Each structure stands twice: as C-alpha cells, then as structure tokens.
Amino acid sequence: MTTTHAIAIGTPVPDFSLPRLDGSPWRLSELRGKRVALFMWGSW
Amino acid sequence: MAMDVQGSEKARPYVERAGATFTTLVDQGNHLGLLFGFKAIPNGLLIDERGLLDYRKFGGFDIRKQEYALLVEAWASGASPEWRLERMAEDKVGGAEHARAIAHFQHGLELYRQGRVQEALAQWRLGRDLEPDNFVIRKQIWAVEHPERFYDGDVDYDWQREQMRLGQ
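Below: a short report on this structure. (Residues numbered from 1 in each chain as written. Chains lettered and ligands numbered in written order. Predicted model: local features only at pLDDT ≥ 70, side-chain atom pairs only at ≥ 80, totals over all residues. Heavy atoms only, no water.)

1. Some thoughts on the pairing of strand β1 (residues 43-47) of chain B
Item 1. Where burial is concerned, most of β1(B) is hidden: five out of the five residues are buried.
Item 2. Sheet topology places strand β3 (residues 36-40) of chain A next to β1(B); five bridges connect them, and they run antiparallel. Along β1(B), the bridge assignment pairs Met40(A) with Asn43(B).
Item 3. Bridge count between β1(B) and strand β2 (residues 53-58) of chain B: five bridges; the pairing is antiparallel. Among the inter-strand pairings, Gly44(B) is bridged to a residue of β2(B), identified as Lys57(B). (Buried < 20%, exposed > 50% of the residue type's maximum accessible area, 1.4 Å probe, protein only. Helix = DSSP H or I, 4+ residues; strand = E, 2+ residues; numbered from the N terminus. Pairing = 2+ DSSP bridges.)

The following block contains the structure:
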C-alpha cells in the first residue's frame, strides 16, 4: 500500500484493509453491493 | 476511521463518547494518506454499490456542519444521477481561468440568442477549454450539439457521464 492513487469521482476506489477498533480485520471490497460512507478523523 | 498513529487506545474514548454505532477503523500507519494522497483531515468519501467514488472531500469535512450532514443524507437516501453529476462537476470546478471562461460563455449566450449557433458553440468551446471543469458551459454545449440526449424523453445521464470521462 505505497502507491498514491488520484481518485476521481465516478472511478473505482482502490481497495484497502484496516483493523477495526477491536483489532479484527476489515476490507473495503467486502462491502461491494452496499453504499459506503467513510469519514476520516483524528484525535489530534 | 481514526487516523491515529498512536493507535486504538487514543481513538477509543472519542468513539465511546460519540456513542458511535458505525464501524470504526484505525489507521495507525497513515496507509490512507499514502493511498489517497491527502494532506489534511477530516475527510469524507462516499462510495456507491459498485465501488465507484460518488464524493470526496479531503480536509475540512466536518460532519457536524450542516452542509456536510445534508450532503451525506441526500446521498444516503438515494443519490440521483443528477446528484452524482453535480458532485463530479463540483469536484473539479475552480481555477484561475474562470473569469475568462465565463466571458466566453456569456459572449456565446449572446450569439446564441441572435441565432448564430455555430459562433456561439465556438465561444463556449473556448470557455470549456479554458476551464475544462466548468459543468455549466460543458452542459450547454452538449444540449445544443446533442439535443436528442436531453429533450427526447428522459435526460441521458449515462451518456453525460461517458462524455465527462471522455473529456468532451
């Protein structure tokens, strides 16, 4: 996961995986078929 | 998605305080920053059923602000093809050539009113080329050149999206 993708509206969002808060695995592509809202924030 | 280098223990209190019922992910290694190339948060991304991007805002996406809350609500209740096209255009609008592009557009409108359609189209194309992301100009060109996509029954949004992709 080192390549920067210029994502544009109407184009595929590159797949990625991250751990949930409880440590269990999560992957974007597993939600295909559903609409997904992602909000990125920080405690800082 | 908590973009916290310090990990879930830093993020957890915020999630609990917010009473969040949605999935919270932790990005401890700035993976998403590398992947998407953003330099600021908070960010919002809306993705459709096919995995295609519907909306993005990198930096300043505060969901507590009404404009973003309403935007997400409109999307969640079923983004129309028109809504998607507007976001697509909005994503790209702006730039130093805006004033010149608009001047060509207005000039073209004047010509069009006089029935000088080809000259009007030439002005609009100049405007579009100066500001390729100007959806107002682009759509006016489409509507005059391809009336069948607009005025024979339903507006053909699939065709419009294809034109956007082709840079027409």
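2. Considerations on the pattern of salt bridges
Residues and elements named next belong to chain B.
Item 1. For the structure shown, the criterion picks out eleven salt bridges over all chains.
Item 2. For the salt bridge of glutamate 9 with arginine 12, the shortest nitrogen-to-oxygen distance reads 3.1 Å. Of this pair, glutamate 9 and arginine 12 both sit in helix α1 (residues 8-18), separated by three residues, roughly a single helical turn.
Item 3. For glutamate 9, a relative accessible area of 56% translates into the label exposed.
Item 4. For aspartate 156, the salt bridge goes to arginine 149, with nearest N and O atoms at 3.0 Å.
Item 5. Judged by its relative accessible area of 29%, arginine 149 falls in the partly exposed class. (Salt bridge = Lys/Arg side-chain N within 4 Å of Asp/Glu carboxyl O.)

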